[in-house]
Amino acid sequence: VQLQASGGGLVQAGGSLRLSCAASGSSFSTSIKAWFRQAPGKEREFVAGISWSGARSEYAESVKGRFTISRDNAKNMVYLQMNSLKAEDTAVYYCSVARGGNYANVQSAQTYDYWGQGTLVTVSS
């Protein structure tokens, strides 16, 4: 099983980026998926999570109204659209997938079994 995250880069504050995460090696159409991030010197934190059908999603307070998580089960993909980026959004972003998982625990890193390698997002102010 592999998760490949892409789409990171350097962007000015107020700009937008779209992260993508491709899963291979297994079908995750019934799995919870999420994005986490880790800024330099800080712990990894939850950013956004989505249920297997896409009907439910949750966001960290710091990104609500600016970020949108989505998924395409036919393509085994999960996305993170990031708008109105701020300098404090600078971090390495990781996609994650749970083999099963309880959606009630979507914000917990312990819910997830597979992690991508991370993609760096740098927002200049």
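Please refer to the structure higher up on the page.
Residues numbered from 1 in each chain as written. Predicted model: local features only at pLDDT ≥ 70, side-chain atom pairs only at ≥ 80, totals over all residues. Heavy atoms only, no water.

Participant: Describe the layout of surface pockets, naming the residues involved and giving the relevant values.
Facilitator: Of the volumes computed, that of the largest pocket is approximately 190 Å³. Lining the largest pocket are 14 residues, with R37, A39, K42, E45 and E88 positioned closest to its centre. Looking at the lining of the largest pocket residue by residue, the class counts come to three nonpolar, three polar and eight charged. (1 Å grid on protein atoms, 1.4 Å probe; cavity = no way out; pocket = protein on both sides within 12 Å on 5 of 7 lines; lining within 4 Å. Points joined across faces, edges and corners; volume = space filled by probe spheres on them. Nonpolar A, V, L, I, M, F, W, Y, C, P; charged D, E, K, R; others polar.)

Participant: Now, about the sheet that holds strand β1 (residues 2-6): what can you tell me, with residues and values included?
Facilitator: The four strands lie next to each other as β1-β3-β8-β7, forming an open sheet whose pairing is antiparallel. What marks the edges here is a single partner per strand, and that holds for β1 and β7 (67-72). On average, each strand axis in the sheet is inclined to that of its neighbour by 15 degrees, with strand direction left out of account. With six bridges connecting them, strand β3 (residues 17-24) and strand β8 (residues 77-82) associate as antiparallel partners. Note on β8: the bridge partner recorded for A22 is M77. (Pairing = 2+ DSSP bridges. Helix = DSSP H or I, 4+ residues; strand = E, 2+ residues; numbered from the N terminus. Axes fitted to C-alpha atoms, helices over the stretch in contact; angles between N-to-C directions.)

Participant: Tell me about the packing of aromatic side chains, and name the residues and values.
Facilitator: One pair of aromatic rings is described through two measures. These are the centre distance and the angle between the planes. Applying the stated criterion across every chain yields a total of five aromatic pairs. For the pair F28 and Y114, a centre-to-centre distance of 5.6 Å together with 55 degrees between the ring planes defines the contact as tilted. Linking F28 in the loop between β3 and β4 (33-38) with Y114 in strand β10 (residues 114-115), this pair joins segments that are 86 residues apart in sequence. A ring pair is formed by F36 and Y112, whose centres lie 5.5 Å apart and whose planes are at 75 degrees; its orientation type is edge-to-face. Within this pair, whereas F36 is found in strand β4, its partner Y112 is found in the loop between β9 (91-97) and β10, the two being separated by 76 residues in sequence. By relative accessible area, F36 is classed as buried at 2%. Each residue in the set F36, F46, Y112 and W115 is aromatic and connected to the rest through ring pairs, giving one cluster. The aromatic ring of Y94 is capped on one face by R44, whose charged end is 3.9 Å from the ring centroid. Sitting over the face of the ring of W115, R44 holds its NZ or CZ atom 4.8 Å from the ring centroid. (Phe/Tyr/Trp six-rings, centres within 6.5 Å; stacked < 30°, edge-to-face > 60°. Buried < 20%, exposed > 50% of the residue type's maximum accessible area, 1.4 Å probe, protein only. Lys NZ or Arg CZ within 6 Å of the ring centre and 35° of its normal.)

Participant: Requested: an account of the nonpolar core, with residues and values cited.
Facilitator: Counting 28 residues, the largest nonpolar core has W35, V47, F67, I69, L80, M82 and Y93 as the members making the most contacts within it. Contributing elements (two or more residues each) for this core: β1, β3, β5 (45-50), β7, β8, β9 and β11 (119-124). Ignoring anything within four residues of it in the chain, the contact list for M82 reads G15, S16, L17, L19, R66, F67, Y93 and V121. (Core = buried A, V, L, I, M, F, W, Y, C linked by side-chain atoms within 4.5 Å. Contact = heavy atoms within 4.5 Å.)

Participant: Describe the pairing of β11, and please don't skip the residues or the numbers.
Facilitator: Because side chains alternate across β11, one face comprises the buried residues T119, V121 and V123, and the other comprises L120, T122 and S124, none of which is buried. Relative to β11, strand β2 (residues 9-12) runs parallel, the two being bridged by four bridges. Note that in β11 the partner of V11 across the bridge is V123. In the sheet, β9 pairs with β11 via three bridges, with the strands oriented antiparallel. Following the sheet pairing, Y93 is matched in β11 by T119.

All we've got here are geometric facts, nothing functional implied.
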